[in-house]
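# Examining the three-dimensional arrangement
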Amino acid sequence: MTTLSRRRLLQSGALAVPALALGAAPARAGTAALPATGVVPAQLAGFDAAMKKFIAERDISCAQLAVAKNGKILLARGYGSYTYGRYVRLVQPTSLFRIASLSKSITAAAIARLAQDGKLSLGDTVTDLLGLSADADPRLADVTLWRLMQHTGGWDRDATLDQLWADHAISAALDVPLPIGHAEIMRYATARKLDFTPGSRYAYSNYGYMLLGRIIAKVSGMSYESYVRQRILAPAGITRMLLGRSASGQQYAAEVRYQSVYTRRSVLDDGGATVPYPYGGFNMANQDANGGWLGSAVDLVKWGFAFDRAGPVLNATSIGRVFAKPEIGVGSGGSWYGLGWQVRENNVGGLNTWHTGSMPGTFGFLARIQHGVSYCALFNRRQEGDAPSFGAIDGILGTATGGVSSWPTTDLTPRYF
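Residues numbered from 1 in each chain as written. Predicted model: local features only at pLDDT ≥ 70, side-chain atom pairs only at ≥ 80, totals over all residues. Heavy atoms only, no water.

Helix and strand counts for the protein chain come out as 15 helices and 15 strands. Here the C-alpha atoms of the protein chain give a radius of gyration of 21 Å, agreeing with the 22 Å that 2.2 N^0.38 yields for 417 residues. Overall size of the protein chain, expressed as C-alpha extent along the three principal axes, is 75 × 55 × 40 Å. Scored against the burial criterion, the 417 residues of the protein chain give a buried share of 54%. (Helix = DSSP H or I, 4+ residues; strand = E, 2+ residues; numbered from the N terminus. Rg over C-alpha atoms; globule rule 2.2 N^0.38 Å. Buried < 20%, exposed > 50% of the residue type's maximum accessible area, 1.4 Å probe, protein only.)

Attention now goes to the packing of helix H4 (residues 104-116) against helix H9 (residues 206-220). Packing of H4 against H9 leaves a shortest axis separation of 10 Å and a crossing angle of 40°. If you check the angle between H4 and H9, you find them oblique. Between H4 and H9 the crossing geometry is left-handed. Taken together, the residues of H9 that come into contact with H4 (itself represented by Lys104, Thr107, Ala108, Ala110, Ile111 and Leu114) are Asn206, Tyr209, Leu212, Gly213, Ile215, Ile216, Val219 and Ser220. Considered class by class, the residues forming the contact of H4 with H9 number 9 nonpolar, 4 polar and 1 charged. (Axes fitted to C-alpha atoms, helices over the stretch in contact; angles between N-to-C directions. Parallel < 35°, antiparallel > 145°, perpendicular 65-115°, else oblique. Left-handed = near helix turned anticlockwise from the far one by under 90°. Contact = heavy atoms within 4.5 Å. Nonpolar A, V, L, I, M, F, W, Y, C, P; charged D, E, K, R; others polar.)

Once that is clear, we can look at the nonpolar core. Counting 92 residues, the largest nonpolar core has Leu145, Leu211 and Trp303 as its most contacted members. The element contributing the most residues to this core is H4, with 8 residues. Judged by nonpolar contacts, the second largest core, of 27 residues, contains Val67, Tyr79, Ile393 and Ala400. (Core = buried A, V, L, I, M, F, W, Y, C linked by side-chain atoms within 4.5 Å.)

Attention now moves to H9. Here H9 is 15 residues long and its end C-alpha atoms lie 21 Å apart, about the 21 Å a rise of 1.5 Å per residue gives. Here H9 lies mainly inside the structure; 11 of its 15 residues are buried. Those residues of H9 lying buried are Asn206, Tyr207, Gly208, Tyr209, Met210, Leu211, Leu212, Gly213, Arg214, Ile215 and Ile216. Count one or two residues on from H9 and you reach Gly221, which has phi positive near 75°. (Expected span 1.5 Å × (residues − 1).)

Attention shifts here to the pairing of strand E13 (residues 351-359). Bridge count for strand E12 (residues 342-345) against E13 is 4 bridges, and the pairing is antiparallel. By the bridge assignment for E13, Gln342 is matched with Trp354. Connecting the antiparallel pair E12 and E13 is a turn made up of 5 residues, with Gly349 showing a positive phi of about 85°. Pairing of E13 with strand E14 (residues 362-368) involves 7 bridges; the strand directions are antiparallel. Along E14, the bridge assignment pairs His355 with Leu366. Where E13 hands over to E14, the hairpin turn is made up of 2 residues, of which Gly361 adopts a positive phi near 90°. (Pairing = 2+ DSSP bridges.)

Read across the open sheet, the 3 strands follow the order E6-E10-E7; overall the sheet is antiparallel. Every interior strand has two partners, whereas the edge strands, strand E6 (97-98) and strand E7 (242-243), have only one. Alignment of E6 against strand E10 (residues 293-295), held across 2 bridges, turns out to be antiparallel. Following the sheet pairing, Arg98 is matched in E10 by Leu294. Of the strands in this sheet, E7 and E10 are in contact with helix H10 (residues 224-233), which crosses E10 at around 40°.

Here you go:
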């Protein structure tokens, strides 16, 4: 009987290996090459090499990459390993990561679908839909669904605070115990003036997307998660995605472990315990509609296919609304924020659309670019301190795309869906 070394055992593709038997924690990128799973056609080796370099330079222990062209998934890769209970698990192309603000395109699509089905209008106001009082600021009555989705609703986290990351401040202001929920966040925000006149400028707002989640639940008569999974993701052929949980002990077996050098006082109770930032330093339950989903890179590139043409999720009119220019026009750099996507006209007469996602222990990037190419990269940490930029993945994957001389044709989608 042949005895495999730890390295050979990890490379063999075993889904779960007893951690105690191995006698060590998973290898880190800075000390050894990470094990990898999935499929990399020879024509796309440049993507794989670029990811491995990116991972090593940033000491990343878990990552994923998926690349697609014209509706076919052509590369699907998992990098690294993580511990779940007694086992070390290899990161698979289908392993789950927190995707942070990549969730916003999903929430916006759900609103667009409700409008498509005649359940609401994108010109409806948040005060009417949720019964919020505009007594503290009459301008709240001018916040429409369009403005919530395009980040022109009137909240500026740089001017005041980000309501989704201010649990302790909101708990103290309202004199309510932790954990706070959506109702307390809305009560706090509604009692305060907006930071600017709705529709007058852009300011990224997690709170605006949190409100969209509450509207989806109220109008559909379902929970936010149930509506999205049943009416948005399932028609796109995506069934793995679900909302994440805060505590490390509540993670799913297929979910990677998250890393951060920072700690915070827990927002999950009033005990005052100091916790790793990704595990109780913020409340995943509150992040749902603006940043709470779990998914894989293959899930997300497949999600992007829903915007290529009319289909079971959105019709042509709805897709046009998703990428429409906002009332404030195009930004100084030539791009604009649509409904859950950054958008820019490309040089072949189409649109490039993309989004980043970032929270403690998470960074992700999803893009749909010219010639039908799309890609998604996910990581279990983000830039902290003087670490190299994680945002550089945009240009790195773009360069890898330009280096492809011929594209493979074998569609990996049936392997993962």
